[in-house]
Amino acid sequence: DTAVSQTPKYLVTQMGNDKSIKCEQNLGHDTMYWYKQDSKKFLKIMFSYNNKELIINETVPNRFSPKSPDKAHLNLHINSLELGDSAVYFCASSQDQGTGGTEAFFGQGTRLTVV
Amino acid sequence: QQPVQSPQAVILREGEDAVINCSSSKALYSVHWYRQKHGEAPVFLMILLKGGEQKGHEKISASFNEKKQQSSLYLTASQLSYSGTYFCGTLNYGQNFVFGPGTRLSVLP
């Protein structure tokens, strides 16, 4: 059983399109995250949700909108995709208050390529 | 405030030892270590919560010097499977968790 699963694994799309990445965790954790890993391998937190409530919202363009229908799901919708959005996006979950104090479990990543 | 990791990259032969350092400019509440193999997700190694704490995971261990605001990861008798990028993550008081830039470790036969 996959603990944190995200789909799709690969996403190639044209500039200007809108796309979504889905994430689900079956660990019973209260907190879920979206991280962006760029070509230099920097892992940067974008958002965290604790029990469906937004906890962390780092400086991210408002074209990125997370949605958490329940605490087991955190989806990421991106509008008007730009070349600079190309990266690997990781979903993660942990059992903490949303600031990242405990072990995080990561999904396998979604490699987004904007052409 | 992103922590600083050193070295940026290290190349070892199997059986050799390595130390990766992680330091913060602010007081640390906790330090986390993760390893990410190429093309895979980061995997948790350990968390250090108290100053002076040391933890071990097979032949990988870490220490946390709260006063110096730094942590070190020790890889002993490295194996090929240790290759990957090691990230420390730090939680400073009153701030959010943030990952360091990573240290790329290559273990050669």
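Below you will find a few notes about this structure. (Residues numbered from 1 in each chain as written. Chains lettered and ligands numbered in written order. Predicted model: local features only at pLDDT ≥ 70, side-chain atom pairs only at ≥ 80, totals over all residues. Heavy atoms only, no water.)

**Examining the overall build of chain A**
Right, on to step 1. Helix and strand content of chain A: zero helices and eleven strands.
Right, on to step 2. What you see for chain A is a C-alpha radius of gyration of 13 Å, in line with the 13 Å of a compact globule of 115 residues.
Right, on to step 3. Each of the 115 residues in chain A was classed as buried or not, and the buried ones make up 45%.
Right, on to step 4. Summarising the internal contacts of chain A: among those between residues at least 6 apart in sequence, 56% fall at separations of at least 24.
Right, on to step 5. Here chain A has roughly 5,600 Å² of accessible surface; of this, 49% comes from carbon and sulfur atoms.
Right, on to step 6. Positive and negative charge centroids in chain A, built from 12 and 12 side chains respectively, lie 7 Å apart. (Helix = DSSP H or I, 4+ residues; strand = E, 2+ residues; numbered from the N terminus. Rg over C-alpha atoms; globule rule 2.2 N^0.38 Å. Buried < 20%, exposed > 50% of the residue type's maximum accessible area, 1.4 Å probe, protein only. Contact = heavy atoms within 4.5 Å. Areas by Shrake-Rupley, 256 points an atom, 1.4 Å probe, with all protein chains shown as cover. Lys, Arg positive; Asp, Glu negative; His and termini not counted. Charge placed at Lys NZ, Arg CZ, Asp CG, Glu CD.)

**A closer look at the state of the cysteines**
In protein structure, a disulfide is the covalent linkage between the sulfur atoms of two cysteines.
Residue and element names in this part refer to chain A.
Right, on to step 1. In total, this model carries two disulfides over all chains according to the counting rule given.
Right, on to step 2. Between the sulfur atoms of C23 and its disulfide partner C91 the distance amounts to 1.8 Å. Across the S-S bond linking C23 and C91, the dihedral sits near -75°, which makes this disulfide left-handed. Placement of the pair is C23 in strand β3 (residues 19-25) and C91 in strand β9 (residues 87-94), with a sequence separation of 68 residues. (Disulfide = S-S within 2.5 Å.)

**Things to note about the pairing of strand β8 (residues 73-78) of chain A**
All names here are of chain A.
Right, on to step 1. Burial along β8 is one-sided: the face carrying L74, L76 and I78 is buried and the face carrying H73, N75 and H77 is not.
Right, on to step 2. Here β3 pairs with β8 via four bridges, running antiparallel. In the strand pairing of β8, K19 is matched with I78.
Right, on to step 3. Between the end of strand β7 (residues 64-70) and the start of β8, which pair antiparallel, lie two residues. (Pairing = 2+ DSSP bridges.)

**Description of the sheet that holds strand β3 (residues 18-23) of chain B**
The strands making up a sheet associate through backbone hydrogen bonding, with each pair oriented either parallel or antiparallel.
Residue and element names in this part refer to chain B.
Right, on to step 1. Here five strands make up an open sheet; going across it, the order is β1-β3-β8-β7-β6 and the pairing antiparallel. Two strands close off the open sheet at either side, each with one partner strand: β1 (4-6) and β6 (54-57). Each strand of the sheet is rotated relative to its neighbour by a mean of 15°, with strand direction disregarded.
Right, on to step 2. Looking at chain direction, β6 and strand β7 (residues 60-65) are connected through four bridges and run antiparallel. Opposite H57, over in β7, you have I60 as the bridge partner. (Axes fitted to C-alpha atoms, helices over the stretch in contact; angles between N-to-C directions.)

**Looking at the interface of chain A and chain B**
The accessible area lost on association of the parts is a frequent measure of interface size.
Right, on to step 1. Taken together, the contact pairs 18 residues of chain A with 16 residues of chain B.
Right, on to step 2. Roughly 1,500 Å² is buried in total at the junction of chain A and chain B, and carbon and sulfur atoms are behind 60% of that figure.
Right, on to step 3. If you look at where chain A meets chain B, you find zero salt bridges.
Right, on to step 4. Taken together, the connections running from chain A to chain B amount to two residue pairs in polar contact (both at pLDDT 80 or more).
Right, on to step 5. Every element with two or more residues in the side of chain A that touches chain B is listed here: β4 (31-37), β5 (43-50) and β10 (104-106) of chain A.
Right, on to step 6. Of the residues belonging to the side of chain A that touches chain B, the class tally is eight nonpolar, seven polar and three charged. (Buried area = accessible area lost by both parts, 1.4 Å probe. Salt bridge = Lys/Arg side-chain N within 4 Å of Asp/Glu carboxyl O. Polar contact = N/O pair within 3.5 Å; in protein donor to acceptor, adjacent residues only side chain to side chain. Nonpolar A, V, L, I, M, F, W, Y, C, P; charged D, E, K, R; others polar.)

**Some remarks on the pattern of salt bridges**
Once the charged atoms of two side chains with opposite charge are near each other, the side chains can pair.
All names here are of chain A.
Right, on to step 1. As enumerated under the stated definition, the model contains three salt bridges over all chains in all.
Right, on to step 2. The partner of R63 in a salt bridge is E82, with the nearest N and O atoms 3.5 Å apart. Here R63, found in the loop between β6 (53-57) and β7, pairs with E82, found in the loop between β8 and β9; they are 19 residues apart in sequence, far enough to count as distant.
Right, on to step 3. Owing to a relative accessible area of 13%, R63 belongs among the buried residues under this scheme.
Right, on to step 4. Among the charged side chains, a network of salt bridges with common partners joins R63, E82 and D85.

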